[in-house]
Amino acid sequence: AGSGRERPSEAPGPAPPSTPPPLKEADLVGVPALPACRVVVSMHATRATRPLDEDDAPCDGPHTAESPYLAPVTRSKLMTDPASDRRVLHLEFDLTAAKRAASLAYEPGDSIGVLPRNDPELVSELASRLGLSLESSFDLTWASEHASANQNQNQPPPLPNVRRPCVVGDVLSRSVDITSVPRKSLLRALAEACAESEDRLKLLYLCSRGGRDAYKREMVEEAPTLVDLLTTIAPSCAPDLATLLDALTPLQPRMYSITTAPEAHPGKPAVAFSVVSFQTPQGAARRGVATHWLDRSTTRGADASSSFRCPVFIKRSIAFRPPEDLSTPMLMIGPGTGVAPFRGFLQRRAAMIDAAKKKAARDGEAADVVAPGDAFLFFGCRAPTEDFLYRDEFEAFAADGTLTKLVTAFSRENPDQPKVYVQHKIREHAAAVAALIVSSDDARVYVCGDGGGMAKDVHAALCEVIASHGGVEGVTCAEDAGKMLAEMTKAGRYVRDIWS
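To start, this report covers the structure provided alongside it. (Residues numbered from 1 in each chain as written. Predicted model: local features only at pLDDT ≥ 70, side-chain atom pairs only at ≥ 80, totals over all residues. Heavy atoms only, no water.)

Our focus in this paragraph is the sheet that holds strand β7 (residues 254-257). Taking strand neighbours across the sheet as the criterion, the six strands line up as β7-β4-β11-β2-β3-β8 in an open arrangement whose pairing is antiparallel. The sheet terminates laterally at β7 and β8 (270-274), the two strands that pair on one side only. Shown here is a sheet whose adjacent strand axes are inclined to one another by a mean of 40°, direction ignored. Strand direction decides the pairing type here: strand β3 (residues 88-93) and β8, joined by five bridges, are antiparallel. Along β8, the bridge assignment pairs Leu-89 with Phe-273. (Pairing = 2+ DSSP bridges. Helix = DSSP H or I, 4+ residues; strand = E, 2+ residues; numbered from the N terminus. Axes fitted to C-alpha atoms, helices over the stretch in contact; angles between N-to-C directions.)

Here's what the structure looks like:
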């Protein structure tokens, strides 16, 4: 965001950057060796007979990243103010019809893996740039020097990320990553496919030891897509399909925290995620592969069902899960979409409280015999009217006692005041936070969200409040508190689910 101040009209602008001198072979220092292409592509004379969007038949084994379940997306809801530049979606998946349902069972704290597709416009542009038809099919085999020496020995097919039968549009859409930061090994391979010496030297320099700063500036910070590489950075580059498939990284699954508990939504896990869009230092627009695919594939902003089916699998969590004992105190800290899994934690806790009260009634005991441990939730966002995710539900949990304390931090609610984040609120409630953490030898602390600044700032705040208000023998400073949290981490009591 700008400062709101305009530059005086008479002030000269910055001088344009000088054009660097043309690269020469002598400028290349530490160029990596050229990796040998391990595969051979043999194009078919006829086009593919199956539709590009046709998926494989249901698998016979458990559903995994290699054999996902095609789950209907039954709900897509925009959770942020439509006027906001931040777009957070809530999606619900229906797993109830899965024949291998056991492999899709989930618990609060688990994640759902999504196998995304590349932007179809980018895929079409790339195929055109390569001179290939999206419908063309091909065989993919090992190059002779990489084939098994023993012809009787069974050798796995090359590049397991490439689905068979191989179709150009299918492979470029779902098998290879064409938008992440180009690896140096890719640049090295592409350099050999350049017709112009200038383009070849440019790519060789970028992947060389001597071009480290240029690589950081032009590749890491600008994150050009493969299409950008082939059209603007090295327009004379004309790689063959085998070179590309061997050099590109596989398109990886994306993991999203499940925001539901099976007690509340059996067989229908949900997720909440920000649709990723950003600008590079030089002003190029970049978009997240998976989040934009999910956004454009579902009913945008509609609280309604969709015919879209998404390949998914479940990833179990070992330590990031709610306590099994209702009496265990827990502190949950989740700004932004980091709050998503705690919705599932609290749905589980509400179900446990309800079950305990019903049991007390059957046993002829008063309802107040049920004494859950304290449960605090610290949540942060920009403003309550812009991006307070699951507001009604969290406030209802606070009202009915499922949550002991709901603390919110709004960073942009009042533009005339300093920004307030969750770490500030932790310090504001220092006595209560410290008391919860030290109240039981089994108290739990959970942190979920951005692993950059937020996780470090929250950790520092926790160390401060434990040292100043915990009253723990031998813990008199933040360093001591850090050691205490390290021991809690080893015991599975201080658990962080953070991402970059």
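After that view of the structure, there is still more to cover.
With that settled, the discussion passes to the packing of helix α3 (residues 184-191) against helix α4 (residues 197-207). At their nearest, the axes of α3 and α4 sit 8 Å apart, and the two run at 160° to each other. If you check the angle between α3 and α4, you find them roughly antiparallel. Between α3 and α4 lies a crossing of left-handed hand. In this structure, α3 uses Lys-184, Leu-187, Arg-188, Leu-190 and Ala-191 to contact α4, whose residues at the interface are Arg-200, Leu-203, Leu-204, Leu-206 and Cys-207. For the contact of α3 with α4, a count of residues per class yields seven nonpolar, no polar and three charged. (Parallel < 35°, antiparallel > 145°, perpendicular 65-115°, else oblique. Left-handed = near helix turned anticlockwise from the far one by under 90°. Contact = heavy atoms within 4.5 Å. Nonpolar A, V, L, I, M, F, W, Y, C, P; charged D, E, K, R; others polar.)

Attention now goes to the pairing of strand β12 (residues 330-333). The side chains of a regular strand alternate, residue by residue, between the two faces of the sheet. The side-chain alternation of β12 yields two buried faces, one formed by Met-330 and Met-332 and the other by Leu-331 and Ile-333. With four bridges connecting them, β12 and strand β13 (residues 375-381) associate as parallel partners. Note on β13: the bridge partner recorded for Ile-333 is Phe-378. Following the backbone out of β12, through helix α9 (residues 340-362) and into the adjacent parallel β13, one traces a crossover that is right-handed. Two strands pair when backbone bridges link them, and β12 and strand β15 (residues 444-450) are joined in this way by four bridges, in the parallel orientation. Across the sheet, the residue bridging to Leu-331 is Val-445, located in β15. (Buried < 20%, exposed > 50% of the residue type's maximum accessible area, 1.4 Å probe, protein only. Right-handed = clockwise from strand over helix to strand, strands pointing away.)

With that out of the way, let us pick up α4. Along α4, the positions that sit buried rather than exposed are Asp-199, Leu-201, Leu-203, Leu-204, Leu-206 and Cys-207. Buried residues in α4 make contact with α3, α5 (212-220) and α6 (226-233).

Attention shifts here to the pairing of strand β11 (residues 309-315). The buried fraction of β11 is high, at five of seven residues. By the bridge criterion, four bridges tie strand β2 (residues 69-78) to β11 in an arrangement that is antiparallel. Its bridge partner being in β11, Tyr-69 is matched across the sheet by Val-312. Relative to β11, strand β4 (residues 111-114) is paired through four bridges, and the arrangement is antiparallel. Its bridge partner lying in β11, Ser-111 is registered against Lys-315.

Bringing the state of the cysteines into the picture now. Enumeration over the complete set of coordinates arrives at zero disulfides. With no disulfide of its own, Cys-37 lies closest to Cys-237 among cysteine sulfurs, the gap being 13 Å. In this structure Cys-207 is not part of a disulfide, and its nearest cysteine sulfur, from Cys-194, lies 11 Å away. (Disulfide = S-S within 2.5 Å.)

With that settled, consider unusual backbone geometry. Residues Arg-164 and Pro-165 are joined by a peptide bond in cis, for which omega reads -10°. Among the structural elements, Pro-165 can be located in the loop between β5 (136-142) and β6 (166-167). Positive phi is not limited to glycine here, since Ala-223 has a value of about 45°. Position of Ala-223 among the secondary structure elements: in the loop between α5 and α6. Positive phi values are uncommon outside glycine, yet Tyr-390 reaches one of about 55°. With respect to the helices, strands and loops of the structure, Tyr-390 is situated in the loop between α10 (384-387) and α11 (391-400).

The analysis is restricted to geometry; functional conclusions fall outside its scope.
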